[in-house]
Each structure stands twice: as C-alpha cells, then as structure tokens.
Amino acid sequence: MPSLKDLKNRIGSVKNTRKITKAMQMVAAAKLRRAQEAAEAARPFAERMTAVMSALAAGVGTGEGAPKLLAGNGKDQVHLLVVMTSERGLCGGFNSSIVKLARTRANELVAAGKTVKILTVGKKGREQLKRDWGNAFVGHVDLSEVKRVGYANAQAIAREVMAAFEAGEADVVTIFYNRFQSVISQIPTEQQVIPAKFEATGASALYDYEPSEEAILADLLPRGVATQIFTALLENGASEQGARMSAMDNATRNAGDMINKLTIQYNRSRQAAITKELIEIISGAEAL
Amino acid sequence: MASSVQFDLVSPERRLASFPASEVQIPGATGDLTAMEGHAATITSLRPGLLRVVGAEGTKAYVVTGGFAEISATGVSVLAEQAVPLDELTPATLDALVADACEAAAVNPDKDAADKAVADLYAMRAAAGL
C-alpha cells in the first residue's frame, strides 16, 4: 500500500504527463492541417502528370526501344525497397505498420530467390529494420533537418533511386508509405515506381507532341518518379501527424482515467487514516 | 473577351494560377508557341523561359524552369517544375535558379542539354530585364 505522499506525487506526475500529451496532440492537429493542405495542393500536379504519362505510355508501349524507366531493364532480380517512415516517434503504430509491410514483402522476395536492397527515408524505420535487414541497407535519407518537405527533397531521393537503377544496381523499385485516409486510419501502401506502372486508361485524346512522343516521355518519366515520391512523402507526412494526434488523444484520455483512479485511491487511504486515528482516540478514551 | 481558354499553372507544390485567358505564350522546348482557343491538342515540354498569359486583367508573366504544357481546344495547363510570378522575381531568386542549373549541369551526363538549360536561363534573365 503506497503512502499518501507517494500517491500524491504519482498523481502530480501523471497530471504533468497528461499536459504534455495534450500539448503534443494539439501541435499534431495544427501540423496535420498544414500537411493535409500541402498534400491537397500537390494533387492537381500529380493527377495531371499521371494522366499525361499514362496516355503517352499507352501510345509508346513497352516494346523494343521504349524508355527503360517505363519498360524496365528486362530483369526482375534485384528489388530496391524505399521504406519511408518518420523521423520522430510517439505516433502510435505509424512506423510499425510500414515496416511490417516492407518486412513481409522483403521476406516474400527473398523466399522467391530475389535480392533485396533497402533504402530508408526517416530514421525510425531504419532503427526497426536494422536488426533483420541491416546488411540489405544501401542508403539512408535523413529528413530530420527538413521542416517542410519540398519537391526538392523528393527530387533528391528520386535521383538516388534512378542512379541505382541506371547503374544496374536495382531492377525494380518499390516505395512503402502510409496513405492518409483519416485521422484514425492510415493505410500502409506499396507502390512500384520503376518500371513505371499505369492503370490502363480508356481512349486517350489525340495530341500533337512536341518535340516527339518519345522525347517527351523520356523527359517526363524521371519527373514522374519524383512526383510519385513527393506525393508519397506528403501523404506520409499527413499520416504521421494523424497517427500522432490519435495516439496522443488516447494517451491523454488514459492519463485522465489514471488520475481518477489514483485520486479515488488517495481519498480512500486518507479517509482510512482519519478513521483509524478516530478509533484510536475513542478506544483510548474508553479505556480510561 | 470574345474567346478564352482555361489557363492553369501548377507546380508540384501548389496551384499557382487558374483563370480564363485569351492567349498563352509558352516557351516550348523547340520554340515559343502561343495557344489560343481552338488550338490543336498538343503536349509540349518546356525550356526555362517566360510564360506570358493574356487575361481579362492584362498580361501576367511567370518564370518557369521546365516541365510541360498540355494544350487542348478549350484549356491550357502548364505543369512547371518551378514557377515564379515575374513581379515576385528578384535578382537573388534568379541567381539561385542559375546556380541550381549550373550545379545540375556539372553532374548531368548530357552536357548539351544541361548547357542549353543554363543558356536558356541567361536568355530569360535578359528578357526579364533583371
């Protein structure tokens, strides 16, 4: 049975914890709004880009002479997994769910006799993957200094990925991130970026191409990779804040419950102590 | 305005402009072109240069560094890699753009294309009068 003083200290410390989690929740809510706005602002570009590229890709086809970023380099041996996670923790199952998906995929690939390489973005995923897949790491992108993810960050990652592809160090590149659905639901997603995959669109409008279809496609594909990575980064950013917000909301509520429980316990023991003292006085008086 | 096309300018990070325009002058990779209503559907890539849009409230100019434009009979959407309105452009931003291009030129295996991008930027700087 803890003493009254212990209980009081404990209540105080849980109250402080609640203050912190509450503050974190509010910060996450503000950041979430910004991240959502950014994701939304980036949507028109990505949508238009995909539309134009799929129209072009359908026209050029994946036959002989098609750009390698679209048709692949004919091999399917080395898979590069780009695992995008957050730089900070305390965001519930956000990082674990991405890592879990990536790990399952990596295991499947290894079982199928493929080689797996991993590029991590964000240190939390790196930490979680280090034990099992540490020797598959080929690089790490640190975004901890970046306050607001910009297109330039995505371009840097895209350049790294494409350099690996062109050097023949990777045949297939897949990115892993959390797609933002709502504050309480983020969907871990894997998306193949190289060779590029498009959903078949119906009849594409007839366009004139300047300079030529192939030249534009060759120019667009690298941008397409960067755009996909950028979208993923933004979705991930919004998901991270959403996950943190609901995790901190839960923590705040739990702290509240705990404070109530401890307060009841504190009051009971205080009352017990008073009763005990009264009994002692009364029985002392009766003994006289 | 008798005829107009819907003009959209989007960069990866945000939508910069969206309004009806009577003509759009685009710095295409193979030469400048002007899109008006009824233009044949065209997709062209951009070179670094000035994008001029003639709308109801006069002409607006933007500096774009690359990307592509999708032209249809009723609309023009420009997907620019980077785009800055000309009145917000300062010599410092332009210098940064040139520095970026030079940096990219240094590592780009396709030397001609990279040099052209830098040259295009210098030409644009002259055209912008900075």
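Residues numbered from 1 in each chain as written. Chains lettered and ligands numbered in written order. Predicted model: local features only at pLDDT ≥ 70, side-chain atom pairs only at ≥ 80, totals over all residues.

**Student:** Honestly, the overall build of chain A in this entry has me stumped. Any pointers?
**Tutor:** Each helix and strand counted, chain A has 6 helices and 6 strands in total. Shown N-terminal to C-terminal, the secondary structure of chain A runs as helices and strands in the order α-α-β-α-β-α-β-α-β-β-β-α. Over its C-alpha trace chain A gives a radius of gyration of 28 Å, far above what one expects of a compact globule, namely 19 Å for 288 residues. In chain A, buried positions account for 34% of the 288 residues. Here the contacts in chain A between residues at least 6 apart in sequence split such that 79% fall between residues at least 24 apart. (Helix = DSSP H or I, 4+ residues; strand = E, 2+ residues; numbered from the N terminus. Rg over C-alpha atoms; globule rule 2.2 N^0.38 Å. Buried ≥ 20, exposed ≤ 12 C-beta atoms within 10 Å, placed from the backbone. Contact = placed C-beta atoms within 7 Å.)

**Student:** Can you walk me through the confidence of the model for chain A in this structure?
**Tutor:** Keep in mind that low pLDDT regions are not for reading the predicted coordinates in detail. Scored by pLDDT, chain A has a mean of 88; 96% of the residues are at 70 or more. Within chain A, the element-level pLDDT minimum falls on helix 2 (residues 68-71) of chain A, averaging 78, and the maximum on helix 3 (residues 94-111) of chain A, averaging 93. (pLDDT = per-residue confidence, 0-100.)

**Student:** Looking at this model, I keep getting lost on the sheet that holds strand 1 (residues 78-84) of chain A. Mind explaining?
**Tutor:** The pairing of strands in a sheet happens through backbone hydrogen bonds and is either parallel or antiparallel. Residues and elements named next belong to chain A. An order of 3-2-1-4-5 is seen for the 5 strands of this open sheet, with the pairing classed as mixed. In this open sheet, the two strands that pair with only one neighbour each are strand 3 (137-141) and strand 5 (185-194). Sheet twist, expressed as the average angle between the axes of neighbouring strands with direction ignored, equals 25°. Note: strand 1 against strand 4 (residues 172-182), 5 bridges, orientation parallel. Residue pairing across strands places H79 opposite V172, the latter belonging to strand 4. Contacts from helix 4 (residues 123-133) reach strand 1, strand 2 (115-121) and strand 3 within the one sheet, and its direction differs from that of strand 2 by about 155°. Relative to strand 4, helix 6 (residues 213-287) is tilted by about 40°, and along the sheet it contacts strand 1, strand 4 and strand 5. (Pairing = 2+ DSSP bridges. Axes fitted to C-alpha atoms, helices over the stretch in contact; angles between N-to-C directions.)

**Student:** When you look at the domain arrangement of chain B in this model, what are you seeing that I'm missing?
**Tutor:** Residue and element names in this part refer to chain B. As assigned here, chain B comprises domain 1 (5-85) and domain 2 (89-128). On a C-alpha basis, the centroid separation for the pair domain 1 and domain 2 is 20 Å. Facing the 7 residues of domain 1 at the interface are 9 residues of domain 2. A per-class count over the side of domain 1 that touches domain 2 returns 4 nonpolar, 2 polar and 1 charged. (Domains from an automatic or database assignment. Nonpolar A, V, L, I, M, F, W, Y, C, P; charged D, E, K, R; others polar.)

**Student:** How should the domain arrangement of chain A be read in this particular structure?
**Tutor:** How big an interface is tends to be reported as the loss of accessible area on association of its parts. Domain annotation for chain A reports domain 1 (4-21 + 248-287) and domain 2 (39-246). Inter-centroid distance (C-alpha atoms) of domain 1 of chain A to domain 2 of chain A is 53 Å.

**Student:** Help me understand the interface of chain B and chain A in this model?
**Tutor:** Residue-level contacts link 19 residues of chain B with 21 residues of chain A. Those elements that place two or more of their residues in the side of chain B that touches chain A are strand 2 (15-28), strand 4 (42-46), strand 7 (67-71) and strand 8 (75-80) of chain B. When residues of the side of chain B that touches chain A are assigned to their parent elements, the largest contribution, 4 residues, is made by strand 4 of chain B. Tallied by class, the residues present in the side of chain B that touches chain A amount to 8 nonpolar, 7 polar and 4 charged. Sheet topology note: the strand 6 (residues 208-210) of chain A/strand 4 of chain B ladder contains 3 bridges and is parallel.

**Student:** Looking at this model, I keep getting lost on the nonpolar core. Mind explaining?
**Tutor:** Note on soluble globular proteins: their nonpolar side chains tend to be buried together. Ranked by internal contacts, the top residues of the largest apolar core, which has 95 residues, are V82, V83, M84, V161, V225 and I229 of chain A. Element by element, the count of residues in this core is highest for helix 6 of chain A, at 16 residues. (Core = buried A, V, L, I, M, F, W, Y, C linked by C-beta atoms within 7 Å.)

**Student:** Explanation requested: unusual backbone geometry in the structure shown.
**Tutor:** Among all residues except glycine, the phi angle is most often negative; among peptide bonds, the trans geometry is most common. Residue and element names in this part refer to chain A. A cis geometry characterises the amide bond from I194 onward to P195, with omega recorded as -10°. In this structure, P195 sits in the loop between strand 5 and strand 6. The phi angle at L90 is positive, at roughly 55°, despite the residue not being glycine. Within the fold, L90 resides in the loop between strand 1 and helix 3.

**Student:** Would you take a moment to explain the packing of helix 1 (residues 4-60) of chain A against helix 6 of chain A for this structure?
**Tutor:** Packed helices, taken two at a time, are described by the angle their axes make and the gap between the axes. Residues and elements named next belong to chain A. Contact pair helix 1 / helix 6: the axes reach a minimum separation of 5 Å and the direction vectors enclose 160°. The angle between helix 1 and helix 6 places the two elements in the roughly antiparallel class. Relative to helix 6, helix 1 is oriented so that their crossing is left-handed. Its residues assigned to classes, the contact of helix 1 with helix 6 comprises 33 nonpolar, 16 polar and 12 charged. (Parallel < 35°, antiparallel > 145°, perpendicular 65-115°, else oblique. Left-handed = near helix turned anticlockwise from the far one by under 90°.)

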